[in-house]
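One letter stands for each residue in the lines below.
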Amino acid sequence: MTTTFPLRTIAAHEIDAWARMVTTTYGQDWREGGLRNAAVSLEPDRTIAAYDGGEIIGGTSVYGRVLTVPGGITPVAGITLVAVLPTHRRRGILTAMMRKQLTDLHESGGEPVAALNAAEATIYGRFGYGLASQVAEIRGDKRSMALRPGTDLGDGTIRLLGRAQARPMLEKVYETVRGTAVGWVDRTQKYWEARLADDERARDGGTQLRFAVHLEPGGEATGYALYRSKPGLAQIIEVAAASRQAYAALWRFLIDLDAHASLAYDGAVDEPLRHLLADPRAARTTVTDNLWVRLVDVDRALTARRYSAPLDLVLEVQDTFCPWNAGRRRLSADGDSVTYEPTRDRADLRVSAAELGAAYMGGTTLAALAEAGRVEELRPGAVAAASLAFRGAREPFHPSGWAFPAF
């Protein structure tokens, strides 16, 4: 059904009303901690609302970030806080908001890539988003967790620091690591504030955040772990390390925490932790979806990243939701030289924008998508060549939400 509800960006004085709509949709109470940082972090001129008369009944917002992709970085529109009140479902409002958001990005020459964490995995494929990264929910019995004998821990030490002392060290380490960590995004001051927000009502029975920092003998910070304690459980919020020694030392510290029988951590699918353990089964993992990617402008997106093997491939892209992407183009890549240009040559692969989004960060393979019938090979060998070239060295992983970790 076509929506009859007008869409426009919100004014600054509408932030509270917009946030109440979002928290109501997500089952939270606005005055009990939901979206507590909205007035600081929200960008009204990038926040769409749907109106029924004067009432805000739906909305979605964009956070402009910088995303690490294979071989480079690209501006990314972090799509967040997508909501429609339950009183206005199934009226075409979500589709209209998604269409306006992507069209506005395209027409303004904004970010060539959009990405989001999906509350439900069935929603965004119809808008051209593809499942581009996954998260491993790691749960460990600390009584069975021990590092392999001979693990190199380096000469550094772990210090528990206060927030103010630790923060500049966290920022430096994070900035070093994100340069090559596919799926990580930049963090300006307001995003650090959101990441480290520690309101008591949001701790779910846990302690305040703890800041464990790995320091080299000369005092340089090369890693950190954010965690909080719950009864019997060490809840690991984030781990970042600029060296393998710092990574191993941080995990030995976390495993050795007293009065915690188990630990929980959400990390990369190929998280090195299991390979550090004498008993890999001591860390059990459940894999679920992490980041969904939409190529707003396929040409700019594909040329923003690099490829693991030379590639000369004609793609026939299908994209009914963003029709400016549809058509036949040649993707040529060799080292730092990448082009994507119109051609009349016969296509090698037929693929939708959602499948390109899924493969974009080097995790989901085009070969797997082809086996699922979602990529059509028109020239023998094209799938294998494209799948190899798109693949990254490590599994992509997005370690936090765009602005509000609670969402």
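The structure under discussion appears in the preceding block.
Positions within a chain are numbered from 1, following the residues in the order the chain's sequence is written. The predicted origin of the model limits local features to residues at a pLDDT of at least 70 and limits the giving and counting of side-chain atom pairs to 80 or more, whereas totals for whole chains, interfaces and linings rest on all residues. Calculated side-chain values reflect all of the structure's heavy atoms, with hydrogen atoms and water omitted.

**Comments concerning the sheet that holds strand S10 (residues 232–241)**
Here's step 1: When DSSP finds two or more bridges between two strands, those strands count as paired. Each helix is a run of DSSP H or I of at least 4 residues and each strand a run of E of at least 2, with the numbering of both proceeding from the N terminus. Across the sheet, which stays open at both edges, the twelve strands sit in the order S1-S2-S3-S4-S5-S12-S6-S11-S10-S9-S8-S7 with mixed pairing between neighbours. Strand pairing shows two members of the sheet lacking a second neighbour, strand S1 (7–9) and strand S7 (157–161), which therefore form its edges. Across this sheet, the average inter-strand angle for adjacent strands is 30°, counted without regard to direction.
Here's step 2: Pairing geometry for strand S3 (residues 55–69) and strand S4 (residues 72–84), over eleven bridges, is antiparallel. Paired with Val69 across the bridge in S4 is Gly72.
Here's step 3: Here, two residues are considered to be in contact whenever any of their heavy atoms come within 4.5 Å of each other. Working convention: axes come from line fits to C-alpha atoms, limited for helices to the stretch in contact. Angles between N-to-C directions cover 0 to 180 degrees. Across the face of the sheet, helix H1 (residues 15–25) comes into contact with strand S2 (47–52), S3 and S4 while running at roughly 85° to S3.
Here's step 4: In the packing of helix H6 (residues 244–255) onto the sheet, contacts are made with S7, strand S8 (210–215), strand S9 (221–230), S10 and strand S11 (260–267), and the angle to S10 comes to roughly 170°.

**Points about the side chain of Lys230**
Here's step 1: Positionally, Lys230 belongs in strand S9.
Here's step 2: Exposure classes here rest on a 1.4 Å probe applied to the protein chains alone. A residue is buried below 20% of its type maximum, exposed above 50%, and partly exposed in between. Exposure remark for Lys230: the relative accessible area of 15% places this residue in the buried category.
Here's step 3: Think of a polar contact as two N or O atoms within 3.5 Å of one another; within protein, one of them needs to be a possible hydrogen donor and the other a possible acceptor, and neighboring residues in sequence only count if both atoms come from side chains. There is a polar contact of 3.3 Å between the side chain of Lys230 and the side chain of Asp204.

**Things to note about helix H4 (residues 163–178)**
Here's step 1: Given a helix with a known number of residues, its expected span is that number minus one, times 1.5 Å. Helix length check: H4 (16 residues) gives 21 Å between terminal C-alpha atoms against 22 Å at 1.5 Å per residue, within 8%.
Here's step 2: Turning to H4, its buried residues are Ala166, Arg167, Leu170, Val173, Tyr174, Val177 and Arg178.
Here's step 3: For H4, the secondary structure elements touched by its buried residues are S3, S7, helix H5 (189–195), S8, S9 and S10.

**Here's the deal with the pairing of strand S12 (residues 283–295)**
Here's step 1: Sheet analysis places strand S5 (residues 113–116) next to S12, joined by four bridges and oriented antiparallel. Residue pairing across strands places Ala114 opposite Arg294, the latter belonging to S12.
Here's step 2: In terms of strand pairing, strand S6 (residues 130–141) meets S12 through ten bridges, oriented antiparallel. The partner of Val135 across the bridge, within S12, is Thr288.

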